[in-house]
Every structure is written in structure tokens, then in C-alpha cells.
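Each chain is listed here by its residues.
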Amino acid sequence: MKIVSLKRIALLWMVVQITFLASAFAQTVVSGRIVNAAGSTPLVGVSVQVEGKIMGTSTNQDGTFSLSVSSDPPIELIVSSVGFETQRVTVNRSEENLTISLIEKAIMGDAVVISASRVPESLLKSPVTIERLSTRAIQTSPQASFYDALQNLKGVEMNTQSLTFRSVSTRGFGANGNVRVVQLMDGMDNQAPGLNFPVGNVVGMSELDVETVELLPGAASALYGPNAINGILLMNSKSPFEYQGVSAYVKSGVMSASNRTRENTAFYDVALRFAKSYNNRFAFKANVAYLSADDWQATDYRDQSFNGTTLENNVGNIQNNPYYDGVNWYGDVGTNVYDILRGNGMPGDGSNGTSATLGAIMTTEIPQAGNLTLPQLLAGSDPQAQHAVANNIFNAMVPQYYFAAPGYSEQQLTKYPAKSLKLNASFHYRVTDDMEAIVQLNWGKGSSVYTAADRYNIQNFTMGQYKAELRGDNFFLRGYTTRENSGDAHAIGVLGSLMSKGWLETAIGTGAPGFVQNSFAQYAGALLQTYQTNMMSGMDQQQAMTNAYQTANAFAEANRNEWMTNALVPGIEAANGLYGVNGTGFEAAMTDIKSKPIPVGAQFLDRTNLYHVEGMYDFKRLIDPETVELLAGANYRVYDLNSEGTLFATKDGTPEGEEFNISEYGAYIQGAKKFADVFKLTASIRYDKNENFAGQFSPRISGVYTVAPEQNIRASFQRGFRIPTNQNQYIDLLTPQARLVGGLPLFKERYNMIDNPVYRLASVQEGMIEPFQFREWEPERVETYELGYKGLINEKLFVDLFYYYNRFLTFEGSTILIQKKDPNGPITDLADATKRNVYSMPMNAEQTVKNSGWGIGIDYALGKGFLFNGNITQNVLLNEDELKENDPTFVTSFNSPKFRYNLGITNHDINKTGWGFGVTFRHQTEMVWNAALANTIANIGGYTVIPAYSTVDAQVSKRLPAYKSIIKLGATNIGNKLYTTGWGNPSVGGLYYVSITFDELLN
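Presented here is an overview of the structure given in this document. All values derive from a computational prediction rather than experimental measurement. (Residues numbered from 1 in each chain as written. Predicted model: local features only at pLDDT ≥ 70, side-chain atom pairs only at ≥ 80, totals over all residues. Heavy atoms only, no water.)

1. Some details on the overall build of the chain
Convention followed: Comment: elements are numbered from the N terminus, with helices defined as DSSP H or I runs of at least four residues and strands as E runs of at least two. Residue contacts are defined here by distance: any two heavy atoms, one from each residue, within 4.5 Å place the two residues in contact. The method behind every accessible area is Shrake-Rupley, applied with a 1.4 Å probe, and residues are considered shielded solely by the protein chains displayed. Charge assignment in this entry is limited to Lys and Arg as positive and Asp and Glu as negative, and neither His nor the chain termini are counted. The atom standing in for a charge is NZ when the residue is Lys, CZ when it is Arg, CG when it is Asp and CD when it is Glu.
A tally of regular secondary structure across the chain gives 16 helices and 52 strands. C-alpha atoms of the chain, sized along the principal axes, occupy 135 × 65 × 60 Å. The long-range share in the chain, meaning contacts at least 24 apart out of those at least 6 apart in sequence, stands at 65%. Split by element, the accessible area of the chain, about 41,200 Å² in all, is 57% carbon and sulfur. Of the side-chain charges in the chain, 79 are positive and 94 negative, and the distance between the mean point of each set is 7 Å.

In C-alpha cells form, the structure reads like this:
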């Protein structure tokens, strides 16, 4: 086998070399110089591409370029650079002194986008809404990173959980980890495979390597497959052929927020990129970027228990509300000491649930009573009567005493490190003028905090993506793998609960024996002393004992709370020493809990991998595009789940068992036809199949009508769908609140939900006790209708309008189910938390969810380089009242403000002085944010309100051409008025920074 493989490799290498040598005999050599039409100064880093080929290069330091094409003239060059109008130049013979002049242009109506149809097309003629972030927009943006600048785009909402972790949402249904928006980085799905959502840009792309960012709001499944149900974000990096040399930046500043442990802290962000091309055939690049900061902090301690309280009137006051549930306060738990001491109500030594306190009452001999026990003294020799007396003494002696752990603020359980290290390298070889081979390696490591059902502290999280790709201008074939490691990730809420559990066990375990000993001695002493006094007063023996018994009970009942309070003092001291914030054992206890997986610890283990291969072919060389534009593609994907038995179910149900793999495949075809150059009709259809669900068809049809030059109206219909996440399919995790289980039939069988029925908790609470009826669990599907207009008016005003309407046919939510632990137990067991199992399971809503919205975006060139931009969007849940009427417990998690708008003005080079600036004003209205971190009452009652907020961001920059550098001074949220974007999320303050960027290609 090895010999055969070596022969094949050698043969392949010979074919490549012969092809390369053959191509060298027919070459057209073109060289020249590219200058700015205003002043004839040379332009550096201008892209020179050959139409219909993958061949291209860029201008060097003096504006010159040279390339060789292995085909006969004529050839067409496409010359482009950020901020300049694209030129097409026809070359009819080899030329060495070509001079090309580029004209500066403020509004790029002729920008080319690929994401909308998977083929290059004018932004103006895109068949669907598309937003684009160019390198010029990144340069003039006041935001501290290109990823943060996405929030300036029309219709984009970003939910901030960390400085390094923002989640992109569009058209409603916002989420902290958004599984409805897909993020592609150089064609690779940038999701963490175990989570099924991208972790912001923690382990993403370095800003120095970003060429373009394109965003398609709304459904995009017809071309991009599952999960692009609410949008897709495509980040494309720079080619080392076109962007060569060294570039670097250093960025530093201050983060400021009044709610933080330290109000003002520094942050640091540095990056370096190097790219080199050899003979325009081989090129490589390498990137490194590192960020370090103290993160934004979550400090909302309002009480969301609604147990006779409101959000505001019981902030942090756990002792006044046994059910206190602070939003960012964890371990706010307590227990009734009476229940702890009573156990299962049977006397014993405390083992197997027996009551050591009852055991002591039953067995402690009283010397003054002839070594009889109190039950013997009061009840005689009858065991049942003795047990009844022991229970009576217990009830008199032990108070109903609710004892709460103090709990922990989130600030006490994490130091909020925000770190991000990104490493990237890629190697590019142009096999021919029509074919390029790429090997790309991306690796990142980060620390952040994000919000889901808990606040998760993802420390030292790593993710690697490794790709091999072969591509031409009419095809690509790529395969890649994504390898995730959750590192030292842990759930902060679980950590707080387990720390408080340890605190309670220590306090009660230390104080309870003293309480039992003292209270029993006090009780026995009162009884015997009263008995003796009664006998001396002339009572008969029976009357004296009865009265003494009653007196001892009354005495104990009057003093038992004080006895308990005093007895717990040494226990509290011991608990504070081990688990208190200022205790000597606090850090050791936290470290121990964070090192153990849930549910015995707080560690979150996930080492899931993804394997993906896909290809696409454009038939333009076989079929004249004037006849029809046709392309087709297909993909295959496998998820290899690996949580070491801590998160996902195993095949045999044991923690050591093998976990599941999930495979899925899909294929699509798209055709487009132009009619008289005024109307273009595009239709596509895609089929996808996941092994756990029925196959899904995703059609799309769109039309673009050119009513006048650079004036286009568009309309489209498409269907999108989302495969339930890997966790929703296979999670099997016991948490303090419930067991989280997947929605697959596997779990109904594993937990005997058919023979031992489960009941919807909400129905039981309403008195409707009927077994839950399972229905088929399906992928989430949406139908989207859209109308839009794009136009460039007088080369000064760019306008983009859209309206959309969505119907979610199988909206996915979750429900809480309860089940008797004892299948033969009475139905009343469902009301007893100690006698029931609680499950949280995903399932489809029985109702259709409808939403709609519109948006307007404008860019206006004011003259002399000043550019005004503004946009406004509306998102509305249309049938919310109907949904609530049909099911008052139904929660949509729409999580979107009704209105959101941005206003900005920029100038990258004021009067050719090198000075530039950018200012952005951003506002969004109040919204309700349904969150898994909030409890059921808060979500159903609509109490989880996120207030409206506004921010002003600004930057001033200075170009230093002699040093190929730009200095920028910027700030976001200049007024430093704290705001939050989601329930339980951190408060975001002001960020003030200065940066220096060096780029050899800077003009």
C-alpha cells in the first residue's frame, strides 16, 4: 500500500510540474504603474486581478506592478482599491509601461459582493438585503475592533457578554450565543462545535487580515444550508498575493465602569501580520494578535423571585426572603434546619437518611430518671408510644428555622479576565492561472464570560480550524476540521450553588450537634425540675409528669430559636473560614469545585470536533451566462461529540461510554436569467439531511428589476431551517434545577417517560394533571418574504430600503416536565420536590410565530470627503397577544428592540491633511429580554426589561505617510453611562484608547 501511495504522489507531482511548464510557454506579461488621478501620486497596495482567472497581484511601494498570465491577449484587468472607483483595463498585447489612474469615490455603489448569490455581483443588484463592512469603514470606525463595528450596520444588534464576546443578531430573536446566525471565516463555519454558535471573535480573525465582511440578514439556508435561519456573517481575509509586506498595530487604553471592582483598568491589544509572494506563484502569510483586559462586570442583584417582592424592593436581602433570587447573585440558597435534623423521620445515626437527633432523643439515658430515656419515662415500654413521644419532643425542641447561605456576587466568583490570542498561517500555490491550492491554519485561545442558562466562565478555551482548499474563479473544493477544547470553563451559578452548599453543610454540621446537645439538656432539665417541683407541691405522679411534659414543651418552644441561633455561631465561623469570601479556604474550595465536572463540580467539559467537506461549481465556462447562469454545490459534515461523559449522553448510558456522532449532508443548485438587462430572475433549491431528522428542502426565488441606471427594486421568497443544536439533541446534564435532556426519542426510552408518564409542570401547577403527549420533534423552519430597493442617486446618495415578513412554522422552545420517582407512587408525589424528577426538554411550539420589520439606510457624500450615514430598523413580533392567549406560558425569546438607529459622519482625510475623524450616535428602544438565566415567573410576566440606551462613539486619526502609519485616538460610549444588552449581562461603560497602525501598503 505504501509503495502504491508513493507512486500516486509522484505521478500527481509530475502532472503538476508538466502543467506548470507547459503554461510557461504561452505568457502575456503586463507591468505598469497605478496613480491617483488627483495629483498622479503612486498608489500602494492596489489590487490588479485578471478577469476570469485567479491570477492577480498588488502594487508595491512605488505604485508599480508586474504579472505574467499564461494565456494569449486580449486579457482584462480589474484594478481596485478601497476608496477608489474600480477600473477595467483591456490589454491587447504584452505591455511594460502601462499607466492606470484611479479616481477617488466616496460612495461605492459599484462594490462587488459574493455572499448573496455565491457569485460576484454588484452590491446595487443584490437579490437580497446585504450589509458590507469594508477596510475603509473599519479605518474610520470609532469602535475598538472591526467586530464591534458591525453594530453600525443596518439591522444588526450585538449582545455584549464580554469585551471579547459579542453575539450578532438580526431580525429579532436575539441571543447571547446565537444559533440562528451562522458565521463563516474564509468559508469555514466559525462555530464552537459543542455549542453550535460562534464565540464572538475570541478565536476569530485578526483585524489586520480582514479584507471584507458581508452580512446577509434573514434566512440564507437555500445556499448556505442549516442554521442560517436568521442571517449569515461572512468574514474574508486578505490574500498574501495582493496584500504583501508587514503590518502591525499597538492599541491600548482604559476601560471605565462605575460598577466594577476597579472602576478604571487598562487594556492592551497588539497584532502583527506578514505576507510574501514569490514569482506570483507561491505566497504565504502569518498573523498573530493578542488582547488582554479586565472585563465588563455583571452586578444586577435585583430579586427576581417575586415571592411577595418586586425586582427593586429586596435587592441583595436574602435573609428577608428565603426564596431570594438575585440576577447576578449565586448560591442564594438556604434550607430549613428542621428538615435537615429530621431526615426521613426515623431514629438512627444519620446514615441512610435517618435522623440522628431523633436517635439521640430515643437513646440518651437520664441518670436522674434511673437511666431511663425521656420516651421511656414519658411513654413506658410501648415502642410506638416512645416513638410518638420522641417526635413530640423533637417538634418542641427543634424550630422551623430557615437558614440561608449568604451567597456570592458574580464579582466574588470570578476575576473577569478577558484574553484573546489568535494565530493564523496560510500557504497559497497557484497551480495554474485558473487554480490555486491553499492550506490554512487558524488557532485561538481565549478567556471570556457568556450568558446562557448560567453565566459561563470560559477560561483558556481553545479552538483550531485547519483547512485545505483548491479553488478557481468558477469552483472551489475545501475540507476543514474544527477542534474545540473548553479548557478551564465552568458555570459560575453552579459554582456559587456548590460553594453555598458546602457553607451550609459546614455551618449546620458544626453547629447542629451543639444545638441538639444543649436543647435536649435544656428540655430534660426543665422537665425534671418541673416534675420535682410538682411532686413537692403535692401533685400525684401522673399529674406531675403530665404538667412537667407540657411545661418543658412550652419552655423549649419559647427558647428554641435562640438556642439554634447561638448554636450556629461557631458553625458560621467555621463555614466562613472555609467558604467565606474572606476565609482562608475560599480559593482552595473554589479551585476544587471548578476542577470537577457538573453536577458534582462546576466544570464544563467539551472537546467536540467538526469535520466538513464542500464544493461548488459554476457552469459559466460550459454554458454561456447570457443563456443562463448555473451553479451547483454540495457538502458533508460530521460532529464528533466528546464531553467525556459529562455533558452529552453516551450510547450505553454510562459516563465512560462512547458518545454519539452526528452526520449531515446537503446539495443545492441555482439558476439565474437576465431579461433585456433590466430584470434578473434567480431561483435556487437545496436539500439537507441530518441523520436524526427528516430531510429538508429550502427553496429561494428572487427578482431584481432595474428601473433606471443604478436604481434597483428587489423581491424574494425563501425558506430557511435550523437543525436543533448538538446539545438540544444529546445533552444529558443534571443541574441543581433540573436534568437537561435532549429531544431525541433516546431520552424518552432512557428515562422511561412512556411507562412512567411525564407531566408538563405548568399544567400541573394549573391543576390540569394529564400525561404529556409527545409529538414529532422537527427542525425549526421559517418562510421569509422580502421587498427592497437599492439606488445610487447622482453619485452622492446611496439608499437601501427593505421590508420582510417571517413565518416560523416549527418554532423551537423548551418545556419543563416532571415525573414521579416511584412509578407506583401516588399522583401527589408530583407536588413533592423530593419525590419527583424534573426534566428540561426542547420541543417545537404548537403555534406559528410571525414577525416582520423594515429598514432604511442612507449614505450621503457631503463633499470634500465628508460622508454622512444613517440607518433605522424596526422589528416586531406580530402575533404576541395571540400566542399568549393560546398558551400563557409560551415564551418566544424575541429579544429585539422595536426600533434601533445609527447616525454617523466621517472623513478619512480632511482637506488632504492626513487628519480624519468619525462620530457615531447609536440608540435602541426598551425591550423585553427572555432569558434562560431568568426564572419562569420573570420570563412569563415580562419583567425582564432591558432599558433603552444611547451611546456616542468618536475617533480622530492622523496619517503619517513618511512612516506608513496611522495614529488614532478613539472612545466608545463617551458619556460612560452604563448600559446592558441582555438579562444578566454585564454593564458596559466607556472605553478610551489610542492606537498606532503600521502598514507597508498605506497610501
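2. Quick notes on empty space enclosed by the protein
For clarity, the cut-off: Here a cavity denotes grid points, spaced 1 Å and computed from the protein atoms alone, that fit a 1.4 Å probe unable to get out, and a pocket denotes an open set having protein on both sides within 12 Å along at least 5 of 7 lines; residues with an atom within 4 Å of a point are the lining. Grid points are joined across faces, edges and corners, and a volume is the space filled by probe spheres set on the points.
In the structure shown here, the tally under the stated rule is 13 cavities of 30 Å³ or more. By volume, the largest cavity amounts to about 310 Å³. Residue lining of the largest cavity: 22 residues in total, with Ser 145, Asn 201, Asp 269, Leu 291 and Lys 422 positioned closest to the centre. Breaking the lining of the largest cavity down by element, the ones donating at least two residues are strand E18 (264-278), strand E19 (282-294) and strand E26 (417-432). Among the elements that take part in the lining of the largest cavity, E19 stands out by supplying three residues, more than any other. Here the second largest cavity is characterised by a volume of approximately 150 Å³.

3. Looking at the sheet that holds strand E39 (residues 759-760)
Strand pairing in a sheet relies on backbone hydrogen bonds. The paired strands run either parallel or antiparallel. Where we set the bar: DSSP-based pairing: two strands are paired if at least 2 bridges between them are found.
In space, the five strands of this open sheet follow the order E37-E38-E43-E42-E39, with mixed pairing throughout. The outermost strands of the open sheet, each flanked by one partner alone, are strand E37 (732-734) and E39. Relative to strand E38 (residues 739-741), E37 runs antiparallel, the two sharing three bridges. Paired with Leu 733 across the strands is Leu 740, a residue of E38.

4. Some thoughts on the sheet that holds strand E4 (residues 64-69)
We apply this condition: To obtain an axis, a line is fitted to C-alpha atoms, over the contacting stretch when the element is a helix, and the angle between two such axes runs from 0 to 180 degrees between their N-to-C directions.
The strand order E4-E1-E7 describes an open sheet built from three strands, whose pairing is mixed. In this open sheet, the two edge strands, each paired with only one partner strand, are E4 and strand E7 (95-102). When the angles between neighbouring strand axes are averaged without regard to direction, this sheet yields 30 degrees. Here six bridges tie strand E1 (residues 28-36) to E7, and the two strands are oriented parallel to one another. Bridging from a neighbouring strand, Val 35 pairs with Ser 101 of E7.

5. Things to note about helix H11 (residues 586-594)
How we decide: To sort residues, take the accessible area from a 1.4 Å probe on protein chains only and compare it with the maximum for the residue type: under 20% means buried, over 50% means exposed, and anything in between is partly exposed. By construction, the arc corresponds to the directions joining the helix axis to the C-beta atoms.
Every buried residue of H11 is accounted for by Phe 586, Ala 589, Met 590 and Ile 593. End-on, the buried residues of H11 take up no more than an arc of 100 degrees, which puts them together on one face. The inward-facing, buried residues of H11 contact strand E25 (408-409), helix H8 (410-413), helix H9 (492-536) and helix H10 (541-579).

6. Quick look at the environment of Thr 90
With respect to the element layout, Thr 90 can be found in strand E6 (residues 87-91). Residues Thr 90 and Thr 164, 74 residues apart in the sequence, show an inter-C-alpha distance of 46 Å. When neighbours within four sequence positions are excluded, Thr 90 is seen to be in contact with Pro 74, Ile 75 and Glu 76.

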